[in-house]
Amino acid sequence: MYEPPPGYTTVLKTRQRTECRESRLVLVAAGISADAIHHKGWWWLVVSDHDLENAAGELDDYRQENADRSNDRPVAIPLYGGAAVGVLVYTLTITLVAL
């Protein structure tokens, strides 16, 4: 298990790099110095001991404000069967017009 350096405490442990980076951005924007550390497949977000209470509060507030967006994932764009034929017809039309 990872142990933060003396004088520092872990405020977030996750396997998701994006979650750790987003949380670090929240803390830095609030004026709280934070370090993201990758160790054995886990991402750890550490802050100094005297910033722990403020950091935890900022992250809790951020999670509450963005609770409905936390599960949003990009939606796959549907592919339609006639796309290849459409591209071919379009290419031929442009080629004939150019001649």
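Residues numbered from 1 in each chain as written. Predicted model: local features only at pLDDT ≥ 70, side-chain atom pairs only at ≥ 80, totals over all residues. Heavy atoms only, no water.

**Comments concerning the overall build of the chain**
Right, on to step 1. Regarding its fold elements, the chain presents 3 helices and 3 strands.
Right, on to step 2. When the helices and strands of the chain are placed in sequence order, the string is β-α-β-β-α-α.
Right, on to step 3. In summary, the chain has a C-alpha radius of gyration of 24 Å against a globular reference of 13 Å for 99 residues, an excess of more than 25%.
Right, on to step 4. Considering only C-alpha atoms, the chain reaches an extent of 75 × 30 × 25 Å along its principal axes.
Right, on to step 5. Relative to its 99 residues, the chain shows a buried fraction of 20%. (Helix = DSSP H or I, 4+ residues; strand = E, 2+ residues; numbered from the N terminus. Rg over C-alpha atoms; globule rule 2.2 N^0.38 Å. Buried < 20%, exposed > 50% of the residue type's maximum accessible area, 1.4 Å probe, protein only.)

**Concerning the nonpolar core**
Right, on to step 1. V11, L12, C20, V26, L27, I32, A34, W43, L45, V47, A55 and L59 together form the largest nonpolar core, which totals 12 residues.
Right, on to step 2. Setting aside its immediate chain neighbours within four residues, A55 contacts V11, L27, I32 and V47. (Core = buried A, V, L, I, M, F, W, Y, C linked by side-chain atoms within 4.5 Å. Contact = heavy atoms within 4.5 Å.)

**What to know about the pattern of salt bridges**
Pairing is possible between side chains that carry opposite charge, provided their charged atoms lie close to one another.
Right, on to step 1. Taken as a whole, this structure holds 1 salt bridge when the rule is applied.
Right, on to step 2. Notably, a salt bridge pairs D60 with R63, separated by 3.5 Å at the nearest N-O pair. Pair noted here: D60 and R63 are both in helix α2 (residues 52–65), with a separation of 3 residues, about one helical turn.
Right, on to step 3. Classification of D60 as partly exposed rests on a relative accessible area of 40%.
Right, on to step 4. A residue is classified by how much of its surface remains accessible, and R63, at 39% relative accessible area, is partly exposed. (Salt bridge = Lys/Arg side-chain N within 4 Å of Asp/Glu carboxyl O.)

**Considerations on helix α1 (residues 17–29)**
Right, on to step 1. Compared with the 18 Å implied by 1.5 Å per residue over 13 residues, the 18 Å span of α1 between its first and last C-alpha is a close match.
Right, on to step 2. C20, S23, V26 and L27 are the residues of α1 that are buried. The arc that holds every buried residue of α1, seen down its axis, measures 120 degrees, which confines them to one face. Structural note: α1 exposes T18, R21, L25 and A29 on the side pointing more than 90 degrees away from its buried face.
Right, on to step 3. Against β1 (8–14), β2 (34–39), β3 (42–48) and α2 lie the buried residues of α1.
Right, on to step 4. Two residues or fewer after α1 comes G31, characterised by a positive phi angle close to 85 degrees. (Expected span 1.5 Å × (residues − 1). Arc of directions from axis to C-beta.)

**Structural notes on the environment of L88**
Right, on to step 1. With respect to the helices and strands, L88 occurs in helix α3 (residues 83–98).
Right, on to step 2. Measuring from C-alpha to C-alpha, the distance between L88 and A55 comes to 56 Å, with 33 residues separating the pair along the chain.

**Quick word on the environment of R21**
Right, on to step 1. Inspection of the secondary structure puts R21 in helix α1.
Right, on to step 2. Each C-alpha atom of the pair R21 and V85 lies 43 Å from the other, and the pair is 64 residues apart in sequence.

**Digging into the sheet that holds β3**
Right, on to step 1. With antiparallel pairing, 3 strands are arranged side by side in an open sheet as β1-β3-β2. One side of each edge strand has no neighbouring strand; the edge strands of this open sheet are β1 and β2. Ignoring which end each strand starts from, the neighbouring axes of this sheet average 30 degrees apart.
Right, on to step 2. Looking at chain direction, β1 and β3 are connected through 6 bridges and run antiparallel. If you follow T14 over to β3, its bridge partner there is W43.
Right, on to step 3. Helix-sheet contacts for α1 involve β1, β2 and β3, and the interaxial angle to β3 is about 15 degrees. (Pairing = 2+ DSSP bridges. Axes fitted to C-alpha atoms, helices over the stretch in contact; angles between N-to-C directions.)

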